[in-house]
Amino acid sequence: MKTPNLFSFATSELSQDAFICWFLSWADPAYEQSDSSLHKCSIEFLRKIFKKHSLVAPVNISKIEVTKQDKNIDVLCVINEQHAILIEDKTWSKQHSDQLNRYKSEIKSRGYTEDNILPIYYKTEEQSDLSEVLKNGYAPVLRSDILAVLTQYKGTNEVLLNYREYLEGRQQRIESFKTLPIKDWHWDSWVGFYQYLQTKLQNGNWDYVANPSGGFLGFWWSWNFDKDCDHYLQLELEKLCFKIWVGDNWDKRKTRNYWHELITDCAANLGTDLTVSKPPRFGNGSFMTVCIASNEYRITDEYGVIDLVKTINMLKDAEKIIKHASLLYNKAFKTDSQRLAFSV
C-alpha cells in the first residue's frame, strides 16, 4: 500500500541537509549492528565522495564527526580527524556570492591541507552549467550518483526508503520526455530533453528566460563568439529560432535584415529537411530572432512520442544552416574596415 512520502513535504535545502547529516552519521562503526545494510550504504557514499576526488577512502573509519551550518557550511563531515568533507547542498538554487571559495578558505584556516579537503557540490535538481563548481574545486554529486548508492540498500528504514523513492520520482519526471507524447510534456520533461541535447550535441546551456510575455525555458547553442555580431540557435520550447546578438555600435535593423536574408537563402540552398520563415514580428534590440523553423523540429512516432535520433538530425540541420551562414558572413566581411562599413 502506498503511503505519504516525507520528502514530498520536506523539500527545502535545510531538510536535505538534515538527511545528509543523518545518512553520513550511519558510517560510524557504532551503528553497524543497528542496521548493517544502512551502515554499508553510508560507507559506500563516503567511498564515492573520495573517488570523486580521485582518492581512496580510509579502510577503517574509527571516528566520524558530522555538523551542519558551521560558518554557513551546509554539511561538514570529518573522518578520522584527518579528512574534511565539505558539502554544499543545493536543490533548486545554485552557487552564488563566491560562497564555494569562501567555505574552502574557512576549512583551510582550521589547519586542513588542500589534499585533505574534499569539497562536494551535492545537487539533487538539474543545473545546466557546472563550470563554476568545477573551477572552484568542488566535485559534483548529482541525483544519479546518489541513487546509485541508495539502491544498494536492502533494509527497511523508512527515512532512507522515502528519500530514495522521492529521488526516483524526480528522475522519472525528468526522463518523461522519452515516453510521454510531446503534447503532454511538462516543465520537467523539457528540462530532461534539454539535458539530453547537451549530451548529444556536446554543446549548449539552458535556463529560464524572463520576458514581458511570461518567460520560457530556453536552450541555446552553436554560438560563434563574434565580438560585434554573434549568431546562434535557440529553442524556446516548441519554437526553434535563429538568433543574433548585435553590438551597440552596429545598425541593428540593417544587421537583422541582412541575417534574415542570409539564413533564409542558406536554408533553401542546403537542401535540408528544415525550412525557415520570418518571425511573427522583428525585434530591434541587442538580441533578435531573424528566422524561425517553419516545421516542428521534434520528430515523433505514430504515438506522438519523440523520435530522438530524427530530432537530433533535425537540430543538426539547423547547425548546418547557421554554420554555412557564418562561413558566408566571414567571407563577405574579411577585414575590420569592411565590417565597419557594413555596421553603420
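In the block above lies the structure referred to throughout.
Keep in mind that this is a model prediction, so the values were computed, not measured. (Residues numbered from 1 in each chain as written. Predicted model: local features only at pLDDT ≥ 70, side-chain atom pairs only at ≥ 80, totals over all residues. Heavy atoms only, no water.)

Asker: Would you explain unusual backbone geometry in this entry?
Answerer: Even without a glycine there, the phi angle at Asp98 is positive, about 60°. Positionally, Asp98 belongs in the loop between β3 (83-90) and α3 (99-108). Although it is not a glycine, Phe225 adopts a positive phi angle of roughly 55°. Looking at the element boundaries, Phe225 is found in the loop between β7 (216-221) and β8 (229-236). Note on Phe225: relative accessible area 71%, which makes it exposed. (Helix = DSSP H or I, 4+ residues; strand = E, 2+ residues; numbered from the N terminus. Buried < 20%, exposed > 50% of the residue type's maximum accessible area, 1.4 Å probe, protein only.)

Asker: Looking at this structure, how should I read the packing of helix α1 (residues 13-25) against helix α6 (residues 158-174)?
Answerer: Geometrically, a packed helix pair is captured by the angle between its two axes and the distance between the axes. Across the interface, α1 lies against α6 with an axial gap of 12 Å and an inter-helix angle of 130°. As the angle between them shows, α1 and α6 are arranged oblique. Viewed along their axes, α1 and α6 form a crossing whose handedness is left-handed. Here Gln16, Phe19, Trp22 and Phe23 of α1 lie close against α6, whose contacting residues are Val159, Leu160 and Tyr163. (Axes fitted to C-alpha atoms, helices over the stretch in contact; angles between N-to-C directions. Parallel < 35°, antiparallel > 145°, perpendicular 65-115°, else oblique. Left-handed = near helix turned anticlockwise from the far one by under 90°. Contact = heavy atoms within 4.5 Å.)

Asker: Quick question: what am I supposed to make of the nonpolar core here?
Answerer: Nonpolar side chains in soluble globular proteins tend to be buried together. In this structure, Phe193, Leu197, Leu235 and Phe242 are the most contacted members of the largest nonpolar core, which totals 47 residues. Contributing elements (two or more residues each) for this core: α7 (187-201), β7, β8, β9 (239-246), α8 (252-269), β11 (287-293) and α9 (308-332). Ranked by residue count, the leading element in this core is α9, at nine residues. Not counting residues up to four positions away in its chain, the partners in contact with Leu235 are Phe193, Tyr194, Leu197, Phe216, Leu217, Gly218, Phe219, Trp221, Leu240, Tyr297 and Leu315. Counting 37 residues, the second-largest nonpolar core is a separate cluster that includes Leu38, Ile49, Ile87 and Leu167. (Core = buried A, V, L, I, M, F, W, Y, C linked by side-chain atoms within 4.5 Å.)

Asker: Got a minute to help me understand the sheet that holds β11 in this structure?
Answerer: Consider a sheet: its strands pair through backbone hydrogen bonds, and that pairing is either parallel or antiparallel. Strand order in this open sheet of six strands is β6-β7-β8-β9-β11-β10, and the pairing throughout is antiparallel. Looking at strand neighbours, the two that pair on one side only are β6 (205-209) and β10 (276-277), the edges of this open sheet. Taken together, the five bridges between β9 and β11 define a ladder with antiparallel strand orientation. In the strand pairing of β11, Lys243 is matched with Thr289. This element, α7, spans β6, β7 and β8 of the sheet and lies at about 5° to β7. (Pairing = 2+ DSSP bridges.)

Asker: In this structure, what is going on with the pattern of salt bridges? I would like to understand it.
Answerer: Side-chain pairs of opposite charge can arise whenever the charged atoms involved come near each other. Taken as a whole, this structure holds 18 salt bridges when the rule is applied. As a salt-bridge pair, Glu81 and Lys63 come within 2.8 Å of each other at their nearest N and O atoms. Of this pair, Glu81 sits in the loop between β2 (73-79) and β3 while Lys63 sits in the loop between α2 (36-52) and β1 (64-70); the two residues are 18 residues apart in sequence, bridging distant segments of the chain. A salt bridge links Lys239 to Glu236, with the nearest nitrogen and oxygen atoms 3.5 Å apart. The class of Lys239 is partly exposed, set by a relative accessible area of 35%. Taking relative accessible area as the criterion, Glu236 reaches 15% and is therefore assigned buried. (Salt bridge = Lys/Arg side-chain N within 4 Å of Asp/Glu carboxyl O.)

Asker: Hey, could you run me through the environment of Gln172 in this one?
Answerer: Take Gln172: it is sitting in helix α6. By relative accessible area, which is 58% here, Gln172 ends up exposed. Residues Gln172 and Asp188, 16 residues apart in the sequence, show an inter-C-alpha distance of 9.3 Å.

Asker: Would you explain α8 in this entry?
Answerer: Between its first and last C-alpha atoms α8 spans 26 Å; for 18 residues at 1.5 Å apiece the expected length is 26 Å, and the two agree. Listed as buried for α8 are Lys252, Thr255, Arg256, Trp259, His260, Leu262, Ile263, Cys266 and Ala267. Following α8 by one or two positions, Gly271 adopts a phi angle in the positive range, close to 70°. (Expected span 1.5 Å × (residues − 1).)

Asker: Help me understand the sheet that holds strand β4 (residues 117-123) in this model?
Answerer: The strand order β1-β2-β3-β4-β5 describes an open sheet built from five strands, whose pairing is mixed. Strands at the two margins of the open sheet, each flanked by one partner only, are β1 and β5 (139-142). Taken over all neighbouring pairs, the strand axes of this sheet differ in orientation by 25° on average, direction set aside. Looking at chain direction, β4 and β5 are connected through four bridges and run parallel. By the bridge assignment for β5, Ile120 is matched with Ala139. Where helix α5 (residues 143-150) meets the sheet, its contacts fall on β4 and β5, and the angle it forms with β5 comes to roughly 60°.

Asker: Can you walk me through the environment of Trp22 in this structure?
Answerer: Along the chain, Trp22 falls in helix α1. The exposure class assigned to Trp22 is partly exposed, which follows from its relative accessible area of 25%. A C-alpha to C-alpha distance of 16 Å links Trp22 and Thr156, two positions 134 residues apart in sequence.

Asker: Teacher, can you tell me more about the side chain of Ser37 here?
Answerer: Within the secondary structure, Ser37 sits in helix α2. Given the relative accessible area of 18%, Ser37 is considered buried. Each residue touching Ser37, except ones within four places of it in the same chain, is listed here: Gln152, Tyr153, Lys154 and Gly155.

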